[in-house]
Amino acid sequence: MKSRKIPLRKCVACQEMMPKKQLIRIVKTPDDEVLIDLSGKRSGRGAYLCGKASCFKLAQKNKSLDRALKHHVKPEIYEQLADDFVVVEEQFLVMKENSNDG
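To keep things clear, this report deals only with the structure shown in the data block. (Residues numbered from 1 in each chain as written. Predicted model: local features only at pLDDT ≥ 70, side-chain atom pairs only at ≥ 80, totals over all residues. Heavy atoms only, no water.)

1. Points about helix α1 (residues 53-62)
And then number 1: Those residues of α1 that sit buried are Cys55, Phe56 and Ala59. The arc enclosing the buried residues of α1, seen along the axis, measures out at 105°, which places them on a common side. Turned more than 90 degrees away from the buried face of α1 sit Lys57 and Lys61, all of them exposed.
And then number 2: Looking one or two residues past α1, Lys63 carries a phi angle of roughly 55°, positive in sign. (Buried < 20%, exposed > 50% of the residue type's maximum accessible area, 1.4 Å probe, protein only. Helix = DSSP H or I, 4+ residues; strand = E, 2+ residues; numbered from the N terminus. Arc of directions from axis to C-beta.)

Set out below in structure tokens:
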């Protein structure tokens, strides 16, 4: 049986290539709303970050999210994303462990 190809994506902060399922997707929707997309299926322009808070802070400092999304990300949005990131990080780690088990 042929093994399935695993899609790879690059973290916009640390530039490390990783399997898509191990990264958190940040999306700019057609309504110019920037938010975290755990499903990976929301429509819009996406950028990927590692599940580490340090990568999120680096992306904010270097404005790499702005470049990847081709949209200026306002400081209030970064603050909202930072709050969401802490909550989502735990869910993401649980999902990651479950996908490794199967």
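Back to the write-up after that little detour.
2. Remarks on the sheet that holds strand β3 (residues 24-28)
And then number 1: Read from one edge to the other, the open sheet built from three strands follows the order β4-β3-β5, with strand pairing classed as antiparallel. Strands at the two margins of the open sheet, each flanked by one partner only, are β4 (34-37) and β5 (45-49). Strand after strand, the sheet turns through a mean of 30° between neighbouring axes, direction not considered. (Pairing = 2+ DSSP bridges. Axes fitted to C-alpha atoms, helices over the stretch in contact; angles between N-to-C directions.)

3. Structural notes on the packing of aromatic side chains
Aromatic ring pairs are described here by two measures, namely the spacing of the ring centres and the angle between the planes.
And then number 1: Tallying each qualifying case throughout the model produces one aromatic pair.
And then number 2: When the centroid spacing of 6.4 Å and the interplanar angle of 65° are considered together, the rings of Phe56 and Tyr78 count as edge-to-face. With Phe56 in helix α1 and Tyr78 in helix α3 (residues 75-101), the pair connects residues that are 22 residues apart, well separated along the chain. The same class applies to Phe56 and to Tyr78, which are both buried. (Phe/Tyr/Trp six-rings, centres within 6.5 Å; stacked < 30°, edge-to-face > 60°.)

4. Considerations on the pattern of salt bridges
And then number 1: Taken as a whole, this structure holds two salt bridges when the rule is applied.
And then number 2: Taking the shortest distance from any N to any O, the salt bridge between Arg25 and Asp37 comes out at 2.7 Å. Of the two residues, Arg25 is situated in strand β3 and Asp37 in strand β4; the sequence distance between them amounts to twelve residues. Summarising the burial analysis for this pair, Arg25 and Asp37 share the class buried.
And then number 3: Salt-bridge contacts for Lys28 lead to Asp32; the nearest nitrogen and oxygen are separated by 3.2 Å.
And then number 4: Its relative accessible area of 16% is what places Lys28 among the buried residues.
And then number 5: Under the relative-accessibility criterion, Asp32 is labelled partly exposed at 42%. (Salt bridge = Lys/Arg side-chain N within 4 Å of Asp/Glu carboxyl O.)

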